[in-house]
Amino acid sequence: MISIGFLGLGIMGSAMAKNLLQAGFDVTVWNRTPEKCAAFVAIGAHHGASPKAVAAHCDITFAIVSDPAAALALCQGEEGVVAGIGEGRGYVDMSTVDDTTSKTIAQAITQAGGRFLEAPVSGTKKPAEDGTLIILAAGDKSLYDEASHAFGAMGKMSPYLGDIGQGANMKLVVNMMMGGMLNIFSEGMSLGQKAGLDGNQILAIIAAGAMANPMFKGKGAMLLNDDYTTSFPLKHMQKDMRLAIALGDQLQQPLPNAAAANETFKLAIKQGFADEDIAAVHKVIR
Ligand code: NAP
């Protein structure tokens, strides 16, 4: 079986690396805050000294970190992935970034002789734990084929979307829509409850109709319980809204609803809810 590197043990990376270990892969982990690696070593992982060391040692190295700056930081410098990757080895970045960042990383990896795939994921903490993510892959097709067994351990589907940039773009479309939906959902819940309607009844009626979806169900429970335990950090959603709006600027696509939703997420960060779940945007709206 191929050897796998895994960089980034945050909410998503922890769950994904665990699933790879449970599927029997030989996994080497690295995280910026090294203490987080101990729990993985305890269940059979190796601890890599640096992104460079992991990329040099493993057939395919996966990464999932916060944002474009973090994704670039992993690759650059004397201890970065690019310094270690070597001829023919694979690097799969699963962070949510913009297409320009992904293309910059792809160029650096391929110039160093490696192969690159972008593969951001749709789905949050629970699907990551359950191995039911939707993996949006684009880039080197031979690496995609070789990574498919590992994708199977982390996700329920992994469509191949073509050239580098298209995985990133697909992911931004998904999250831009999710951010907009969450805002209007929070407005509807606030309006209904202020008008004297029962929150559980509002949710049940929405769930029985054409607007039923797992997000309204899950986030609805959080709103009613006033419990914003983090599955998807709000600061990362605002990053995705910002990147989607920048793509809209580039392509001259008007995005008035996404722009309005982005402002609410910005306000939520300003009010101190950056590390809470995306559902905490409700605290600004209600
Ligand atoms: P998270 O819990 O905040 O974890 C972030 C990870 O990035 C940590 O391992 C952190 O290391 C690392 N990191 C941050 N800055 C870094 C840097 N400069 N250099 C190296 N490592 C750095 O985030 P998450 O929820 O797992 O999300 C990770 C990515 O997946 C993001 O792009 C997010 O948009 C995307 N995503 C998240 C979800 C979700 O529901 N959570 C769903 C789909 C996609 P430390 O431990 O040292 O801080």
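The structure this text deals with has already been given above.
Residues numbered from 1 in each chain as written. Predicted model: local features only at pLDDT ≥ 70, side-chain atom pairs only at ≥ 80, totals over all residues. Heavy atoms only, no water.

Trainee: So, the overall build of the protein chain: which residues are in play, and what are the values?
Mentor: A tally of regular secondary structure across the protein chain gives 14 helices and ten strands. At 20 Å, the protein chain has a C-alpha radius of gyration in line with the 19 Å of a compact globule built from 286 residues. For the protein chain, the C-alpha atoms occupy an extent of roughly 65 × 45 × 35 Å along the three principal directions. Out of the 286 residues in the protein chain, the part that is buried amounts to 51%. Distance from the positive charge centre (22 side chains) to the negative charge centre (27 side chains) of the protein chain: 5 Å. (Helix = DSSP H or I, 4+ residues; strand = E, 2+ residues; numbered from the N terminus. Rg over C-alpha atoms; globule rule 2.2 N^0.38 Å. Buried < 20%, exposed > 50% of the residue type's maximum accessible area, 1.4 Å probe, protein only. Lys, Arg positive; Asp, Glu negative; His and termini not counted. Charge placed at Lys NZ, Arg CZ, Asp CG, Glu CD.)

Trainee: Give a detailed account of the sheet that holds strand 8 (residues 133–135), specifying residues and quantitative values.
Mentor: Spatial strand order, 7-8-10: three strands in an open sheet with mixed pairing. Only two strands of the sheet have a single neighbouring strand rather than two, namely strand 7 (121–122) and strand 10 (155–157). Two strands pair when backbone bridges link them, and strand 7 and strand 8 are joined in this way by two bridges, in the antiparallel orientation. When the bridges of strand 8 are listed, Val 121 appears paired with Ile 135. (Pairing = 2+ DSSP bridges.)

Trainee: Give a description of the site of the ligand that names residues and reports values.
Mentor: In the neighbourhood of the ligand, 25 residues make up the surrounding shell, with Asn 31, Thr 33, Lys 36, Thr 124 and Lys 239 lying closest. Note that an oxygen atom of the ligand is positioned 2.6 Å from one of the side-chain N or O atoms of Lys 36. Protein burial of the ligand: of its 910 Å² of free accessible surface, 89% is covered by the chains. When the residues that make up the shell around the ligand are grouped by side-chain class, the tally is ten nonpolar, eleven polar and four charged. For the shell around the ligand, the domains that each give at least three residues are domain 1 (3–164) and domain 2 (168–285). (Near = heavy atom within 4 Å. Polar contact = N/O pair within 3.5 Å; in protein donor to acceptor, adjacent residues only side chain to side chain. Areas by Shrake-Rupley, 256 points an atom, 1.4 Å probe, with all protein chains shown as cover. Nonpolar A, V, L, I, M, F, W, Y, C, P; charged D, E, K, R; others polar. Domains from an automatic or database assignment.)

Trainee: Let's hear about the side chain of Asp 98: which residues, and what values?
Mentor: Counting through the fold element by element, Asp 98 comes out in the loop between strand 5 (90–93) and helix 6 (99–111). Buried and unpaired, Asp 98 has no salt bridge, with Arg 242 as the nearest side chain of opposite charge at 7.0 Å. A distance of 2.6 Å separates polar atoms of two side chains, one belonging to Asp 98 and the other to Thr 101. Excluding its chain neighbours within four sequence positions, the residues that come into contact with Asp 98 are Pro 68, Ala 168, Leu 172 and Leu 243. (Salt bridge = Lys/Arg side-chain N within 4 Å of Asp/Glu carboxyl O. Contact = heavy atoms within 4.5 Å.)

Trainee: Mind laying out the pairing of strand 2 (residues 26–30), listing which residues take part and the relevant values?
Mentor: With respect to burial, strand 2 is a largely interior element, four of its five residues being buried. Bridge analysis of strand 1 (residues 3–7) against strand 2 gives five bridges, and the strand direction is parallel. Note that in strand 2 the partner of Ser 3 across the bridge is Asp 26. Handedness of the crossover joining strand 1 and strand 2 through helix 1 (residues 11–22) is recorded here as right-handed. As paired strands, strand 2 and strand 3 (residues 46–47) are joined by two bridges and run parallel to one another. Counterpart to Val 29 in the pairing with strand 3 is His 47. (Right-handed = clockwise from strand over helix to strand, strands pointing away.)

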